[in-house]
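These are the residues of each chain, in order.
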Amino acid sequence: NIFINYGLISKKSFSFKIEQINSITFDQNLACQLLNLCNINISVIGYQDDDMASQALLYPLANKALKEEIIKHIVYEFECCGEKINPPKHTISRFLIKRYLISLIILLPVFYYVDMYSWIMYTILSMILIIQTISGYRLYKNTSIKIGKGKIEISSAILIYATTTYFYFSFT
């Protein structure tokens, strides 16, 4: 069994069997990425909390060594031993074009109806396109999938990096 207690003001406590764990997620916001820390969340069959929809916080801030220790000794069934597959290089345009189009669809009517100097408009447009390029490239670099031994691991990020490992079943 796993026992979880957390909360400073609103204390929560849960217990469940390891077999009830459906998935494990490692979340990293930008600060945690820089400090090489992560939050470890688990999804448990039959568990639901109003605040977090079916995710329970297993460990709030874990470094890489602790994360590996938890996977190795507590939730070892979720260790995915497949080859990490990243998107092919020719798909980077798909990560960028959608971001550009959405930005332009929002900005062009604003620029048309709002009276401002053209240099301000071009500065705003170029800053937004630079931000969209950086975030689209980060999404491209941080997107991956790993499949192996009845498990699938999916990673994706722009600002918050999340890796989730699921069990999957083949019915063939």
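Everything below is about the structure shown above.
Anyway, here's the lowdown on the structure attached to this text. (Residues numbered from 1 in each chain as written. Predicted model: local features only at pLDDT ≥ 70, side-chain atom pairs only at ≥ 80, totals over all residues. Heavy atoms only, no water.)

With that settled, consider the nonpolar core. Judged by nonpolar contacts, the single largest core of 19 residues is most densely connected at Ile-4, Phe-16, Ile-21, Ile-24, Ile-40, Ile-42 and Leu-58. Of all elements in the fold, only strand 1 (2–6), strand 2 (12–16), strand 3 (21–28), strand 4 (37–44), strand 5 (55–63) and helix 2 (64–73) reach the threshold of two or more residues within this core. A per-element tally of this core places strand 4 first, with four residues. (Core = buried A, V, L, I, M, F, W, Y, C linked by side-chain atoms within 4.5 Å. Buried < 20%, exposed > 50% of the residue type's maximum accessible area, 1.4 Å probe, protein only. Helix = DSSP H or I, 4+ residues; strand = E, 2+ residues; numbered from the N terminus.)

Bringing the pairing of strand 7 (residues 144–148) into the picture now. Only one face of strand 7 is covered, namely the face carrying Ser-144, Lys-146 and Gly-148; the face carrying Ile-145 and Ile-147 is uncovered. Two elements, strand 6 (residues 84–85) and strand 7, share two bridges in a ladder whose sense is antiparallel. From the neighbouring strand, Lys-84 faces strand 7, where its bridge partner is Lys-146. Hairpin connection of strand 7 to strand 8 (residues 151–156): two residues between the antiparallel strands, including Lys-149 at a positive phi of 50°. (Pairing = 2+ DSSP bridges.)

Looking now at helix 4 (residues 118–142). When the terminal C-alpha atoms of helix 4 are compared, their 36 Å separation across 25 residues agrees well with the 36 Å that a helix rising 1.5 Å per residue should span. Along helix 4, the residues that are buried comprise Met-121, Leu-125, Gln-132, Ser-135, Gly-136, Leu-139, Tyr-140 and Asn-142. (Expected span 1.5 Å × (residues − 1).)

Bringing the state of the cysteines into the picture now. As enumerated under the stated definition, the model contains zero disulfides in all. We note that Cys-32 lacks a disulfide partner, and the nearest cysteine sulfur, in Cys-38, lies 7.9 Å from it. (Disulfide = S-S within 2.5 Å.)

So, about the pattern of salt bridges. Taken as a whole and judged by the stated rule, the model has one salt bridge. Glu-153 serves as the salt-bridge partner of Lys-146, at 3.8 Å between the closest nitrogen and oxygen. Since its relative accessible area comes to 17%, Lys-146 is described here as buried. (Salt bridge = Lys/Arg side-chain N within 4 Å of Asp/Glu carboxyl O.)

Moving on, we come to the pairing of strand 3. Counting buried residues in strand 3 gives six out of eight residues, a clear majority hidden from the surface. Where strand 3 meets strand 4, six bridges bridge the pair, whose relative direction is antiparallel. Counted as the bridge partner of Ile-24 is Ile-42 from strand 4.

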